[in-house]
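One-letter residues, chain by chain:
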Amino acid sequence: MYQTELRGKVPSALLSSEDLLTGSVFSFFACSDRRRFLASWLKMLGLAIGDQEADRARFQFWPTFDDGTEPDLLIEVGAYLILVEAKLQSDFGVNVEDKEANQLPRELRGGRQAARDLGLELRLLTITAEPFPRSPRYKDLNEIDRSIWIPTNWQAVATWLERLPATDQTDMSRDLLEVLRRRGLRCFSGFNHLSSSAQLSKRGPPLFFQGQIGTAVNLFESIRTLPVPAPRSPVFLNLTPVTRNRRRP
Amino acid sequence: MTLVADTHDAFAYLQGLYTEVALLIQEIEDHLRREEERFTIATPSGYSVTNRGSSGIDGANVKLWLMRKFGIFFVPEAKTELKGGSTFTPLSERILYFRFILDQHETIFFDKQALKEPSVLFGVFAETERVHKKFEKFESVLIHIEYNDDRVFADLPRVNFKDAYVGLRGTLGHVPLFALNDSKAVAERLVRPAIELFRRPPSD
């Protein structure tokens, strides 16, 4: 899937799809080495997960609760049921007639019931493109709910991937990072990288064929050298579990 | 092939530049949010910058096809009201203004010296005067600045502008855009001086 997107085979209209992005990011956590990636990422978010618990984690993409509410993902891992609600461009849903029917309260109710049924602790993980949690919809979470709320953003995933030790990185992790960068879902990394990328076509080889027929160059490598930021300090939601300290009071 | 490659490169560069500036704005937001005032970015018409753009075909308007300069402002969260997706900030409030000059920097003079490179202007507008009744909030002033920027920013670092619509007074500083290459530089060279201007007593 990453290659589909990185090679420009995904229709541009779909690139703003939060479902596509959710699938890309969380499939990575589901399908790659969970001890190396899932456990590490959850630790960054303040959830301590053992290696074996990570191995046994169960992912349910787009499940449906009894009332029809469909969160993006449920992850049963260790002592937790993590309900993931992902947003990219849209805000959390609102019901103008009944505040309790707003998206976040509905998902919390369904999540609580599911967690009770499984004997697990619920955690609500909202992942958005906001630089910090600023949606007015977070007012729907009362004080009790906020104790189980973990706000994060896509940019924090990119920062976490950038900071993985080189020995932990894989082709899949690098491709996911590139997917996030291409969508602008990363942190500010300065301007220096722009100057080299602008000269790409002049300094580098032609994109398809070099002079003589049949001397193909690696288009993928050329694409990869387009604007790529240097690793940087995270802005919001650091690698330490500051996410939980930066909640709105 | 050269034209094809050059066109591709030109757009790729601009897109990269715009993307990085957008991320810079988010970085500024994050820094300002942590301050005691809990600054929030104003959203005059959604979460966006304000610029004078055009898709007109005559020559003067074609120059406005690209965003060369644009503004945003921040205000303490308690001093603005969110209505729908837009903020409403009374003209009486002190606001923290940032202006991104990506091109035509040589037309901006600070202490009579032209800016030498793309820059960020930052500073404070205070006691904005309502001259025309249609100006009720600072969000409306933002686009007015875009249409009158040559006069608004004619005597920097001071701003003392008045026309038939609004009166603006303030003080701005500036920093080269490309000096902002990491979070630390943003904090030290842009956000900190901007906040110092904001917190300075009005009489200074």
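A few points on the structure. (Residues numbered from 1 in each chain as written. Chains lettered and ligands numbered in written order. Predicted model: local features only at pLDDT ≥ 70, side-chain atom pairs only at ≥ 80, totals over all residues. Heavy atoms only, no water.)

Assigned secondary structure in chain B consists of five helices and 11 strands. Relative to the globule expectation of 17 Å for 204 residues, the C-alpha radius of gyration of chain B, 17 Å, shows essentially globular dimensions. Referenced to the eigenvectors of the C-alpha coordinate spread, the extents of chain B come out at roughly 60 × 40 × 40 Å. Within chain B, the fraction of its 204 residues that count as buried is 47%. The contacts of chain B with a sequence gap of at least 6 include a subset with a gap of at least 24, amounting to 69%. Surface exposure of chain B reaches about 10,000 Å², of which carbon and sulfur atoms provide 53%. Computed over 26 positive and 30 negative side-chain charges, the inter-centroid distance for chain B is 5 Å. (Helix = DSSP H or I, 4+ residues; strand = E, 2+ residues; numbered from the N terminus. Rg over C-alpha atoms; globule rule 2.2 N^0.38 Å. Buried < 20%, exposed > 50% of the residue type's maximum accessible area, 1.4 Å probe, protein only. Contact = heavy atoms within 4.5 Å. Areas by Shrake-Rupley, 256 points an atom, 1.4 Å probe, with all protein chains shown as cover. Lys, Arg positive; Asp, Glu negative; His and termini not counted. Charge placed at Lys NZ, Arg CZ, Asp CG, Glu CD.)

It is worth spelling out the pattern of salt bridges at this point. Residue and element names in this part refer to chain B. The tally for this structure, following the rule as stated, stands at 28 salt bridges over all chains. Ionic pairing is found between arginine 68 and aspartate 103, a salt bridge with its closest N-O pair at 2.8 Å. Of this pair, arginine 68 sits in the loop between helix H2 (59–62) and strand E2 (69–76) while aspartate 103 sits in the loop between strand E5 (95–101) and strand E6 (109–110); the two residues are 35 residues apart in sequence, bridging distant segments of the chain. Residue classification places arginine 68 among the partly exposed residues on the basis of a relative accessible area of 23%. Close ionic contact of aspartate 149 with lysine 69 constitutes a salt bridge, the shortest N to O distance being 2.8 Å. Of the two residues, aspartate 149 sits in helix H4 (residues 149–152) while lysine 69 sits in strand E2, which places them 80 residues apart along the sequence. On the accessibility criterion, aspartate 149 (12% relative accessible area) is buried. With a relative accessible area of 22%, lysine 69 lands in the partly exposed category. (Salt bridge = Lys/Arg side-chain N within 4 Å of Asp/Glu carboxyl O.)

For the rest of this paragraph, the subject is the sheet that holds strand E1 (residues 58–61) of chain A. Sheets are built from strands that pair by backbone hydrogen bonding, the pairs being arranged parallel or antiparallel. Residues and elements named next belong to chain A. Pairing is mixed in the open sheet, where five strands are placed in the order E1-E2-E3-E4-E5. Taken across any chain shown, the strands that pair with only one partner, and hence form the sheet edges, are E1 and strand E5 (149–153). Each neighbouring strand pair of the sheet contributes to a mean axis angle of 20 degrees, computed without reference to strand direction. Bridge count between E1 and strand E2 (residues 73–77): four bridges; the pairing is antiparallel. Across the sheet, phenylalanine 59 pairs through a bridge with isoleucine 75, a residue of E2. (Pairing = 2+ DSSP bridges. Axes fitted to C-alpha atoms, helices over the stretch in contact; angles between N-to-C directions.)

It is worth spelling out the environment of B:Glu36 at this point. In this fold, B:Glu36 is placed in the loop between helix H1 (2–33) and strand E1 (39–41). Distance from B:Glu36 to B:Pro76, taken between C-alpha atoms, is 8.8 Å for residues 40 residues apart in sequence.

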